[in-house]
Amino acid sequence: GQSLEQPSEVTAVEGAIVQINCTYQTSGFYGLSWYQQHDGGAPTFLSYNGLDGLEETGRFSSFLSRSDSYGYLLLQELQMKDSASYFCAVRDGAGSYQLTFGKGTKLSVIP
Amino acid sequence: EPEVTQTPSHQVTQMGQEVILRCVPISNHLYFYWYRQILGQKVEFLVSFYNNEISEKSEIFDDQFSVERPDGSNFTLKIRSTKLEDSAMYFCASRRRGQLTGDYGYTFGSGTRLTVV
């Protein structure tokens, strides 16, 4: 079966750095993505890692280690608007473009 | 910024009734999806659609569900006889063709909140 594990909740202070980890066990692996979802809103694509290493997009970075079946999302210079749920998602088939999502991490940014 | 548009935003229906959820994907995207999210839970894959046919479907997508792209722009999800457990937020998504090792980001619509009573 497919499983993705990420912490259910994280709290961090405005201006700080926070890391959200994701470990996965899937029958296949063709990339790890991260999505942000504000309450009542649609998931929004943040980043994708197909190969090992770090991808940086502004204040957000994402890392992947395929040998460890592990990735993380790093958010820097936290802002109040970053309070949201963050989902990791795996594409698990070569011919498959469906995503299997984790249960999400609710990030609360406090002043 | 191109958007995926979903209508209606909210739908309340009686158990056993048929509902049709509508989506207009981004015009130059080639792959279309329906996902659902039960309140407080993770996003779950229902079905993917490419080249006017279903390419994959999950165990959730049983005979009560169907999808259509009737006119080249709309993409619909029909639930034939709704059950209480179908209550969820239903998201439509579309995706451009990705590179071999590139981005596979979806653009999600804002969702339709379906409540079955």
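Here's what I pulled together on the structure shown here. (Residues numbered from 1 in each chain as written. Chains lettered and ligands numbered in written order. Predicted model: local features only at pLDDT ≥ 70, side-chain atom pairs only at ≥ 80, totals over all residues. Heavy atoms only, no water.)

Moving on to the overall build of chain B. Across its full length, chain B holds 0 helices and 11 strands. Each helix and strand of chain B, ordered N terminal to C terminal, gives the series β-β-β-β-β-β-β-β-β-β-β. If you line up chain B on its principal axes, its C-alpha atoms span 45 × 30 × 30 Å. In chain B, which comprises 117 residues, the proportion classed as buried is 44%. Pairs at least 24 residues apart make up 55% of the contacts formed inside chain B by residues separated by at least 6 positions. Accessible area for chain B stands at about 6,100 Å²; split by element, carbon and sulfur atoms hold 45% of it. Charge separation in chain B, taken as the distance between the mean sites of 12 positive and 14 negative side-chain charges, equals 1 Å. (Helix = DSSP H or I, 4+ residues; strand = E, 2+ residues; numbered from the N terminus. Buried < 20%, exposed > 50% of the residue type's maximum accessible area, 1.4 Å probe, protein only. Contact = heavy atoms within 4.5 Å. Areas by Shrake-Rupley, 256 points an atom, 1.4 Å probe, with all protein chains shown as cover. Lys, Arg positive; Asp, Glu negative; His and termini not counted. Charge placed at Lys NZ, Arg CZ, Asp CG, Glu CD.)

So, about the interface of chain B and chain A. Buried accessible area, meaning the area lost when the parts come together, often serves as the stated size of an interface. Taken together, the contact pairs 19 residues of chain B with 18 residues of chain A. Of the roughly 1,700 Å² buried between chain B and chain A on both sides combined, carbon and sulfur atoms contribute 61%. Scanning the region where chain B abuts chain A turns up 3 residue pairs in polar contact (both at pLDDT 80 or more). Secondary-structure elements contributing two or more residues to the side of chain B that touches chain A are β4 (31-37), β5 (43-50) and β9 (88-95) of chain B. Residues of the side of chain B that touches chain A, tallied by class, amount to 9 nonpolar, 6 polar and 4 charged. (Buried area = accessible area lost by both parts, 1.4 Å probe. Polar contact = N/O pair within 3.5 Å; in protein donor to acceptor, adjacent residues only side chain to side chain. Nonpolar A, V, L, I, M, F, W, Y, C, P; charged D, E, K, R; others polar.)

Take the state of the cysteines next. One pass over the full model with this rule turns up 2 disulfides over all chains. One disulfide bridge connects Cys 22 of chain A with Cys 88 of chain A, the sulfur atoms lying 2.1 Å from each other. In this structure the cystine formed by Cys 22 of chain A and Cys 88 of chain A twists about its S-S bond by roughly 75°; its chirality is therefore right-handed. In this pair, Cys 22 of chain A is assigned in strand β3 (residues 18-25) and Cys 88 of chain A in strand β9 (residues 84-91), connecting sequence segments 66 residues apart. Cys 88 of chain A carries the same exposure label as Cys 22 of chain A, and that label is buried. Two residues share a disulfide in this structure: Cys 23 of chain B and Cys 92 of chain B, whose sulfurs sit 1.9 Å from each other. On the S-S bond that ties Cys 23 of chain B to Cys 92 of chain B, the torsion sits near -65°, and the link is left-handed. With Cys 23 of chain B in strand β3 (residues 19-24) and Cys 92 of chain B in strand β9, this residue pair connects regions lying 69 residues apart in the sequence. Using a relative accessible area of 1% as the deciding quantity, one classes Cys 23 of chain B as buried. A relative accessible area of 0% means that Cys 92 of chain B is categorised as buried. (Disulfide = S-S within 2.5 Å.)

Of all hydrophobic cores here, the largest spans 22 residues; its most connected members are Val 18, Leu 32, Trp 34, Leu 75, Leu 78, Tyr 86 and Leu 107 of chain A. For this core, the secondary structure elements donating two or more residues are β2 (9-13), β3, β4 (32-37), β7 (60-65), β8 (70-75), β9 and β11 (105-110) of chain A. Excluding residues within four positions of it along the chain, Leu 107 of chain A makes contact with Val 10, Ala 12, Val 18, Leu 75, Leu 78, Asp 82, Ser 83, Ala 84 and Tyr 86 of chain A. Counting residues in hydrophobic clusters, the runner-up holds 21 residues, among them Val 4, Val 19, Ile 26 and Ala 88 of chain B. (Core = buried A, V, L, I, M, F, W, Y, C linked by side-chain atoms within 4.5 Å.)

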